[in-house]
Amino acid sequence: MPVSDQGVTNDRYMLIPRTAIFVRRGDEYLLLKGAPTKRLWAGKYNGLGGHVDRGEDVLSSAQRELMEEAGITADLWLCGTVVIDAGGVGICLFLVVGENAQGEVKGSKEGIPEWVQKEALDHLPVVEDLPILLGRIHPMKRGDPPFSARSFYKDDRLHIAFNE
C-alpha cells in the first residue's frame, strides 16, 4: 500500500520504534550500566538497545545494537511489545530476549555491559520499568507467544498494563 493510502494523519497516535534487549544465561542478564555522561539513565542499569533505524527490521536492529553496545551476538527472539505513552509521540518498545551469547563482552560510549543476577536488581540502581519487565520476561521460553503491554504515568507513578 502506498504512503498516501496508509491513513497517517496528525490526529492518530505516532510511535517511534525502539528495541530493548535482554541477553540471558541462566538467572543472569547482560545489562548496561549507563555511562556517567548519558543524558538519560546515567549510572543506572537497563537492557541494551536503541532506535530501529529506517530500513531495519526489529531483530536486525537488535543485533546491531547488541554488537555496538556489547560487542557480542546472540540468538534473538521477540518476547513482547510495550507502547509507551510519551505525550504527542509515543514509543513502541520491542522487547527481545537473547540466548547463546557469542563473543567477548566490551563496553561502548553508552556504558559498561555487566552480567547481573536477577535477584541482585533489588540492590542496584535500575531504570524504573526494568524489574517489572524482567519479572514478565524471566519465565518465558522461546516459542511462547509475545506479550503486549502499555506504559504510562498517572499521578507521577509509572503504570504498566499487560494485555492478559
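Data block above holds the structure.
For the structure given in this document, a descriptive report is provided here.

Calculation criteria
- Residues numbered from 1 in each chain as written.
- Predicted model: local features only at pLDDT ≥ 70, side-chain atom pairs only at ≥ 80, totals over all residues.
- Heavy atoms only, no water.
- Helix = DSSP H or I, 4+ residues; strand = E, 2+ residues; numbered from the N terminus.
- Buried < 20%, exposed > 50% of the residue type's maximum accessible area, 1.4 Å probe, protein only.
- Areas by Shrake-Rupley, 256 points an atom, 1.4 Å probe, with all protein chains shown as cover.
- Core = buried A, V, L, I, M, F, W, Y, C linked by side-chain atoms within 4.5 Å.
- Contact = heavy atoms within 4.5 Å.
- Expected span 1.5 Å × (residues − 1).
- Arc of directions from axis to C-beta.
- Polar contact = N/O pair within 3.5 Å; in protein donor to acceptor, adjacent residues only side chain to side chain.
- Phe/Tyr/Trp six-rings, centres within 6.5 Å; stacked < 30°, edge-to-face > 60°.
- Lys NZ or Arg CZ within 6 Å of the ring centre and 35° of its normal.

### Section: the overall build of the protein chain
Regarding its fold elements, the protein chain presents two helices and nine strands. Scored against the burial criterion, the 164 residues of the protein chain give a buried share of 38%. Working note: accessible area of the protein chain is about 9600 Å², and carbon and sulfur atoms make up 51% of it.

### Section: the nonpolar core
Counting residues in each nonpolar core, the largest one holds 23 residues, and the members touching the most others are Phe-22, Leu-31, Cys-79 and Leu-95. For this core, the elements supplying multiple residues, two or more each, are strand E1 (14-25), strand E2 (28-34), strand E5 (73-84), strand E6 (89-102), helix H2 (130-137), strand E8 (147-154) and strand E9 (157-162). The contacts of Phe-22, once residues within four sequence positions are left out, are Tyr-29, Leu-31, Gly-47, Leu-95, Val-96, Val-97, Gly-98, Leu-130, Leu-134 and Ile-137. Listed in part, the 12 residues of the second largest apolar core include Ile-21, Leu-48, Leu-66 and Ala-70.

### Focus: helix H1 (residues 58-70)
The first and last C-alpha atoms of H1 sit 18 Å apart over 13 residues, in line with the 18 Å expected at 1.5 Å per residue. Within the span of H1, buried status applies to Ser-61, Ala-62, Glu-65, Leu-66, Glu-69 and Ala-70. Buried residues along H1 cover an arc of 135° about the axis, so they all sit on one side. Summarising the contacts, the buried residues of H1 are in contact with E1, E2, strand E4 (48-51), E5, E6 and strand E7 (111-117). Where H1 begins, the side chain of Asp-57 points an oxygen toward the backbone nitrogen of Leu-59, at a separation of 3.1 Å. Phi turns positive one or two residues past the end of H1, at Gly-71, with a value near 75°.

### A word on the packing of aromatic side chains
Per the counting criterion, the structure on display carries one aromatic pair. The interplanar angle of 65° and the centroid separation of 5.5 Å between the aromatic rings of Phe-147 and Phe-162 together place this pair among those described as edge-to-face. Separated by 15 residues along the polypeptide, Phe-147 in strand E8 and Phe-162 in strand E9 bring together distant segments of the chain. If you follow Arg-25 out to its NZ or CZ, it ends over the ring of Trp-115, 3.9 Å from the centre.

### Overview of the environment of Gly-50
Relative to the helices and strands, Gly-50 resides in strand E4. In this view, Gly-50 contacts Arg-18, Thr-19 and Glu-65; residues no more than four positions away in its chain are not counted.

### Quick look at H2
Every buried residue of H2 is listed here: Leu-130, Leu-133, Leu-134 and Ile-137. The buried residues of H2 all sit within an arc of 95° when viewed along its axis, so they share a single face.

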